[in-house]
Amino acid sequence: MRAVVYNGPRDVAVQNVPDARTERPTDVLVRITSTNICGSDLHMYEGRTDFPRGGVFGHENLGQVTEVGSAVDRVKVGDWVAIPFNIGCGFCKNCERGLSAYCLTTADRSVLPNMAGAAYGFADMGPYRGGQADLLRVPYGDYNCLKLPPDAEERQNDYVMLADIFPTGWHATELAGLRPGESIVIYGAGPVGLMAALSAMIKGACMVMVVDRHPDRLRLADSIGAVPIDDSKGSPVDQVLALTNGVGADRGCECVGYQAHDPQGHEHPNMTMNDLVSSVKFTGGIGVVGVFTPQDPAPQDPLYKEGEIVFDHGLFWFKGQTIGVGQCNVKAYNRQLRDLISTGRAKPSFIVSHELPLGEAPKAYRHFDARDDGWTKVILKPAA
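Numbering of residues starts from 1 in each chain and follows the order in which that chain's sequence is written. Owing to the predicted nature of the model, reporting of local features is limited to residues with pLDDT of at least 70; listing and counting of side-chain atom pairs is limited to 80 or more, with chain, interface and lining totals taken over all residues. The side-chain numbers reported here are obtained from all heavy atoms of the structure, hydrogens and water having been left aside.

- Under the annotation held in an unreviewed UniProt entry, the protein carries the name Threonine dehydrogenase-like Zn-dependent dehydrogenase and is attributed to Methylorubrum rhodinum.
- According to UniProt, the comment filed for the protein under the heading Cofactor (unreviewed entry) is "Zn(2+)".
- UniProt positions are given in the numbering used here, feature names are shortened, and annotations may be inferred rather than shown by experiment. Under the Sequence similarities (unreviewed entry) heading, UniProt states for the protein: "Belongs to the zinc-containing alcohol dehydrogenase family."

1. Observations concerning the domain arrangement of the protein
Step number 1: Domains are outlined according to an automatic or database domain assignment. Segmentation of the protein into domains returns domain 1 (2-164 + 333-381) and domain 2 (165-325).
Step number 2: Here the C-alpha centroids of domain 1 and domain 2 sit 25 Å apart.
Step number 3: Contacts between the two partners involve 29 residues from domain 1, matched on the other side by 28 residues from domain 2.
Step number 4: Accessible area that two parts lose when put together, with a 1.4 Å probe and added across both, is what the buried area reports. Counting the surface domain 1 buries against domain 2, the share from its top three residues, Arg-48, Tyr-333 and Phe-350, is 30%.
Step number 5: A pairing counts as a salt bridge when a side-chain nitrogen of Lys or Arg comes within 4 Å of a carboxyl oxygen of Asp or Glu. Our count for the domain 1 to domain 2 interface comes out at 3 salt bridges.
Step number 6: Of the charged contacts in the structure, one is a salt bridge between Asp-373 and Arg-219, with a shortest N-O distance of 4.0 Å.
Step number 7: Here a polar contact is taken to be a pair of N or O atoms separated by no more than 3.5 Å, where protein atoms must pair a possible hydrogen donor with a possible acceptor and residues adjacent in sequence count only if both atoms sit in side chains. Applying the counting rule to domain 1 against domain 2 returns 12 residue pairs in polar contact (both at pLDDT 80 or more).
Step number 8: Elements with a contribution of two residues or more to the side of domain 1 that touches domain 2: α1 (39-45) and α11 (334-342).
Step number 9: Looking at which element gives the most residues to the side of domain 1 that touches domain 2, the answer is α11, with 3 residues. Every residue pair with non-hydrogen atoms within 4.5 Å of one another is taken to be in contact. The numbering of helices and of strands both runs from the N terminus, where a helix is a DSSP run of H or I of at least 4 residues and a strand a run of E of at least 2.

2. A look at a nonpolar patch on the surface
Step number 1: Excluding any residue in a salt bridge, patches collect residues exceeding 30% relative accessible area, merging like charges within 9 Å and nonpolar Val, Leu, Ile, Met, Phe, Trp and Tyr side chains within 5 Å. Each accessible area is a Shrake-Rupley result for a 1.4 Å probe, and residues are judged covered by the shown protein chains and nothing else. A surface patch of nonpolar side chains, about 500 Å² in accessible area, is lined by Phe-282, Leu-315, Trp-317 and Phe-318.
Step number 2: Per-element tally for the nonpolar patch: the top contributor is helix α10 (residues 313-318), with 3 residues.
Step number 3: Among the secondary structure elements, Trp-317 is positioned in helix α10.

3. Quick word on the pairing of strand β12 (residues 280-288)
Step number 1: Strand pairing is defined by DSSP finding a minimum of two bridges between the two strands. Of the pairings in the sheet, the one linking strand β11 (residues 249-254) to β12 comprises 5 bridges and is parallel in character. Within β12, the position partnered with Glu-254 by the bridge is Val-288.
Step number 2: The sheet contact formed by β12 and strand β13 (residues 322-325) spans 4 bridges and is parallel. Across the sheet, the residue bridging to Gly-287 is Gly-324, located in β13.

4. What about the packing of aromatic side chains?
Step number 1: A pair of aromatic rings is counted whenever rings of Phe, Tyr or Trp (Trp by its six-membered ring) have centres within 6.5 Å, and the orientation is called stacked for planes under 30 degrees apart, edge-to-face for over 60 and tilted otherwise. Inspection of every chain in the model, using the stated rule, returns 9 aromatic pairs.
Step number 2: With 5.6 Å between their ring centres and 40° between their planes, Tyr-6 and Phe-57 make a pair best called tilted. With Tyr-6 in strand β1 (residues 2-8) and Phe-57 in the loop between α1 and β4 (60-68), this residue pair connects regions lying 51 residues apart in the sequence. The pair Tyr-6 / Phe-57 is uniform in exposure class, with both members buried. We call a residue buried when its accessible area falls under 20% of the maximum for its residue type, exposed when it is over 50%, and partly exposed in between, using a 1.4 Å probe and counting protein chains only.

5. Comments concerning the UniProt feature "domain: Alcohol dehydrogenase-like C-terminal" (unreviewed entry) in the protein
Step number 1: Those places that UniProt annotates as "domain: Alcohol dehydrogenase-like C-terminal" (unreviewed entry) correspond, in this numbering, to residues 191-303.
Step number 2: Between the first and last C-alpha atoms of residues 191-303 the distance is 28 Å; the span itself is 35% helix and 22% strand.

6. A short note on the environment of Gly-78
Step number 1: For Gly-78, the position within the fold is in the loop between β4 and β5 (80-83).
Step number 2: Taking the C-alpha atoms as reference, Gly-78 lies 42 Å from Arg-251; in sequence the two are 173 residues apart.
Step number 3: Once you skip the residues sitting within four places of it in the chain, Gly-78 turns out to touch Gln-64 and Val-65.

7. Side note on helix α6 (residues 191-203)
Step number 1: What a helix is expected to span follows from its residue count: subtract one and scale by 1.5 Å. Its 13 residues give α6 an end-to-end C-alpha distance of 18 Å, which sits within 8% of 18 Å, the value for a rise of 1.5 Å per residue.
Step number 2: In terms of residue burial, α6 counts as a mostly covered element, since 12 of its 13 residues are buried.
Step number 3: For α6, every residue scored as buried is listed here: Pro-191, Val-192, Gly-193, Leu-194, Met-195, Ala-196, Ala-197, Leu-198, Ser-199, Ala-200, Ile-202 and Lys-203.
Step number 4: Against α5 (165-176), β8 (183-187), β9 (207-212), α7 (215-223), α11 and α12 (361-369) lie the buried residues of α6.

This is the structure:
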């Protein structure tokens, strides 16, 4: 089968690899028809993680079931399914508590002795190949496959967002503690930040502010009723305070991660975190879903080599704020978000800019990594 293979920093290629297959009775095999390039893939693409050369990218996947193991009861051949990027077992202590991002069964213990969590095609998240390929093996298929409605094939561009970014955006607002009638500021108008903005709108926020500097992304934020804030035109903190009568937003979301950089292009891993402390009100809540890693093999900030940042903890403590962090437990949200899509209440595909055949993945990675104008979200179509 064909797959997007990582050969080194900024070097991916579509190559033939051994076909994915069912290996255990609980496995499901899925023919991938839509698979997204995620902002998290760029950390690996740029060589800023220890993703292995020869590994296959792709953790935002949707497709049709072609084979099921003998122990699979619920999922049937022919079903259209969205596949959470987390690989959970469904029965460990964490999965039973709804924390599928921290599964104890599927975790790769070679990373850490007490490691929790696994994902497709993701650094340090196990040996599982990604889905930017023709086929994907889904372990514990009954648990991990979300069955989709009859319109799944026609509305793939919406439903594929259930694999990661729509639940992750929703999770950011949950971590922040957003309630109806509150204001929220979201740092980062990439795909996850825009999904956080969409989630906040659905939840009834009174004002949704989105900080970025790319005009195409800010236009998308504006298109759903959010207030775009261009940080290249002045301090985002000052702009948020001006919009909130000097009080600050009730809630804030970090949707950028450790490669945050200023308008001049200089990286500051702590920039958005400290801006959030300053632009969220006293006793406000902050949700952090942007990726931060324990080590950075190619740091532009010396301290972040060991995953550390200079954080305004004194101001954070003085303001009595709270922070929630971590990967999204996709299983906790994807059913209800699926139903928001199926009834027309949510249309997350508004961010999609390009649909490309799998063979054009290297070009797509180059443009998306460069943040070229108009490249806001790419869906690869292996069957095209």
